[in-house]
Every structure is written in structure tokens, then in C-alpha cells.
Amino acid sequence: MIYLSSFHFPSADVEFGFFNSQKRTCYDSFYPFQVLSRRHLELLEFEPVTILYGGNGSGKTTALNIIAETLHLKREALYNRSNFFEDYTRYCDYDLSASLPQASRVITSDDVFNYMLNLRSLNEGIDEKREELFQEFLDAKYSDFHFRTMEDFEELQKVNLARRKTQSKYVRSRLMDNVREQSNGESAFRYFVEKIGEDGLYLLDEPENSLAPARQQELVEFLESSARFFGCQFVIATHSPFLLAMRGAKIYDLDEDPAAVRKWTQLENVRAYYDFFKRHAEEF
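(A) Up close: the nonpolar core. If you look at the biggest cluster of nonpolar residues, it comprises 33 residues, and the most contacted ones within it are Phe9, Ile67 and Leu203. Residue assignment for this core shows that the elements contributing at least two residues are strand 1 (4-8), helix 2 (60-71), helix 3 (85-89), strand 6 (200-205) and strand 7 (232-237). With residues up to four places along the chain from it excluded, the contact list for Leu203 reads Leu64, Ile67, Ala68, Leu73, Arg105, Val106, Ile107 and Val235. Grouped together as the second largest cluster of nonpolar side chains are 26 residues, Ile51, Ile196, Ala227 and Leu243 included.

Printed below as a string of C-alpha cells:
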């Protein structure tokens, strides 16, 4: 599915006209001006899966943030939004093939990281509560409790539960069963599955962060299925060879000047992996 068919960024000439009109001189940077124009990137044309590839400073994350800001997409984590973002987006334009679904959003590595921190904090709280419940079980099981008034009802429930169950089953029943310790990779993958639903435009900023190679390949399968069967469109900033190899993906190489469409096997980062493993092929 294609919702966003193209996006237009201001040219270097348009940016120069903006600078000439400014009376503000106290800023060291006009970010996001002069980032994408350095690569003469003025137009992106999208497929169901479009990938922005490039090294640090190439502008791939900046491009995602500009698109998200212009389209007013939902987001969670804050980002590097300078005083000139609104000025810049006024010079942007875009074409839609269909109206944007409500679920459309941008997902950044900061979103995933914050989610993992929240889960870790929750699990740490569960650990502390577990220790309290171990003692609560012993107190309830061996207490000389007598039910007198309705105010004692909650304590009665604890005593009856403790006398019917083993310590581990008592603690398990008193905790949230669905909160479990997970690795960072499992938590990160779970975040994408929870946030990406049917029918939406999703902008993903380096989703491979915190994912091991096997999990990255699972994510690729999930994204490919979402694009093919569930009405999703993806614009992804990445340098992961697993994501770059997604079937049918259109890849913009932002390391090139001007930025150009490339096959994933032509990209410098992928070639570096290929050459490395080729040199060490006999060791496998």
C-alpha cells in the first residue's frame, strides 16, 4: 500500500532565499536547513517499503523527522527540534495517494529505548514486590487469624489463599502474570509488534538498534508481511544489511551526492560486510 507517494524538500536556492530574508543573527545553526541540500536531495518518491541509507550525518534521521513533522504524525520521544523546524517545513510539500490512516506514526530508537527502560523499571518493581509477598505468604499461612468484621475480609482472603497454595503459587497469583523479564532484543521486537498495526504509514528510525541479527531477520519478515498483506507503508532509516535486503525495497543512498537510488548490494556498508566474510570464508 502507498499512502505517501512523494515528498519535496527545499532546494539550496530556496534555502539561500530564506537566509537572505532573516534578521536573526544569534544562531550558530539553522538546522534542519543545509543538511539535505548538501546532498542535493529535493525529492523522495516512495514504494510500499522505502529505505534511507547513509552514515552518521548523512541526514537520514533528519529526513524522517521532517516528513513526520510536516505530516503531523504521532510520536512519543522528543527529538532534536530546532527553532527553524517550522520555517523549514513551510517549504516542504508532499503528495498522497490515499488519506493517512489514524495509526500512522514515527518510531525512533529513543521510543524503543524508553520502552525497554519502562519494562525494566516495572520488572524491578515486580522483583521487590515478590520479596514482600514471600514474607506475606509466611505471615498469612501461619497466622492465628480470626475473622471478626468485614474490615478483616481482605486479610481473610490472604490467609485462605496461603493455606490453599504453595509459596510459589501464592506469589504468582498475587503478581501480574503477564510481566516477565525479557532481554533487550525481545523487548525491542515486542515494541514494534505492539505499535505497528494494520493500515498505516510508519516511519522507522534505525529499528535494528538493540536487535541481534536473528531478531533483525524476524523484524524483516514482520515488516514484509505488514506491507504485503496488511496495508502498511514503511519509510525506514537504516544501515542494517538485513533490512536493506528487504524484498522490493527502494533504497536511497544519502552518502551519494546527489543522493541516488541504489541496489542494496551496491551500498558501501553492505560491500564491507561482504568483503570481510569473503576474506574469512575458509574459517567457517
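(B) Local environment of helix 8 (residues 213-229). Taking 1.5 Å per residue as the helical rise, helix 8 with its 17 residues ought to reach 24 Å, and the 24 Å between its terminal C-alpha atoms agrees with that figure. Turning to helix 8, its buried residues are Gln216, Leu219, Val220, Leu223, Glu224, Ser226 and Ala227. Projected down its long axis, helix 8 shows its buried positions confined to an angular sector of 160°, all on one face. Those residues of helix 8 that are exposed and angled more than 90 degrees off the buried face are Ala214, Glu221, Arg228 and Phe229. Just past helix 8, the residue Gly231 takes up positive phi, approximately 70°.

(C) Representation of the pairing of strand 6 within the structure. With six of its six residues buried, strand 6 lies for the most part within the structure. Residues Gly200, Tyr202 and Leu204 point to one face of strand 6 and Leu201, Leu203 and Asp205 to the other, with burial holding for every one of them. Both strand 5 (residues 105-107) and strand 6 contribute to a ladder of three bridges, which runs parallel. Its bridge partner lying in strand 6, Arg105 is registered against Tyr202.

(D) Layout of the side chain of Asp87. For Asp87, the position within the fold is in helix 3. Here Asp87 falls in the buried class, since its relative accessible area comes to 10%. Of the polar contacts made by the side chain of Asp87, one reaches the side chain of Arg90; its length is 2.4 Å.

(E) Representation of the confidence of the model for the protein chain in the model. Averaged over every residue, the pLDDT of the protein chain is 83; the share at 70 or more is 74%. In the model, residues 176-181 has pLDDT below 50 throughout and makes seven contacts with residues more than four positions away in sequence or in other chains.

(F) Expanded view of the sheet that holds strand 8 (residues 250-253). Here we have six strands laid out as an open sheet, ordered 5-6-7-3-8-9, and mixed in their pairing. Edge positions in the sheet fall to strand 5 and strand 9 (260-262), since each has one partner strand and no second. With strand direction ignored, the average angle separating the axes of adjacent strands in the sheet is 25°. Where strand 3 (residues 49-53) lies against strand 8, four bridges are found, and the strand directions are parallel. Considered in strand 8, the bridge of Leu52 is made with Tyr252.

(G) Representation of the sheet that holds strand 1 within the structure. Strand order in the open sheet formed by three strands is 2-1-4, with antiparallel pairing between adjacent strands. The open sheet has two free edges, formed respectively by strand 2 (43-45) and strand 4 (93-96), since each of these has just one partner strand. Averaged over neighbouring strand pairs, the angle between their axes works out to 10° when direction is ignored. By the bridge criterion, three bridges tie strand 1 to strand 2 in an arrangement that is antiparallel. Looking at the pairing, Ser6 lines up with Glu45 of strand 2. Across the sheet, helix 2 touches strand 1, strand 2 and strand 4, and the angle it forms with strand 1 is around 110°.

(H) Representation of the environment of Phe46 in the model. Relative to the elements of secondary structure, Phe46 occurs in the loop between strand 2 and strand 3. Residues Phe46 and Phe7, spaced 39 residues apart in sequence, show a C-alpha to C-alpha distance of 8.3 Å. What Phe46 contacts, discounting residues up to four positions off in sequence, is Ile2, Leu4, Ser5, Ser6, Phe7, Ile67, Gln233 and Val235.

(I) Highlighting the pattern of salt bridges. Scanning the entire structure with this criterion turns up eight salt bridges. Note that Glu194 is salt-bridged to Arg190, the shortest N-O span being 2.9 Å. Of this pair, Glu194 and Arg190 both sit in helix 7 (residues 184-195), four residues apart, roughly one helical turn. When its relative accessible area of 45% is taken as the criterion, Glu194 is described as partly exposed. Across the salt bridge formed by Arg215 and Glu218, the nearest N and O atoms sit 3.1 Å from each other.

Quick notes on the rules
Residues numbered from 1 in each chain as written. Predicted model: local features only at pLDDT ≥ 70, side-chain atom pairs only at ≥ 80, totals over all residues. Heavy atoms only, no water. Core = buried A, V, L, I, M, F, W, Y, C linked by side-chain atoms within 4.5 Å. Buried < 20%, exposed > 50% of the residue type's maximum accessible area, 1.4 Å probe, protein only. Helix = DSSP H or I, 4+ residues; strand = E, 2+ residues; numbered from the N terminus. Contact = heavy atoms within 4.5 Å. Expected span 1.5 Å × (residues − 1). Arc of directions from axis to C-beta. Pairing = 2+ DSSP bridges. Polar contact = N/O pair within 3.5 Å; in protein donor to acceptor, adjacent residues only side chain to side chain. pLDDT = per-residue confidence, 0-100. Axes fitted to C-alpha atoms, helices over the stretch in contact; angles between N-to-C directions. Salt bridge = Lys/Arg side-chain N within 4 Å of Asp/Glu carboxyl O.

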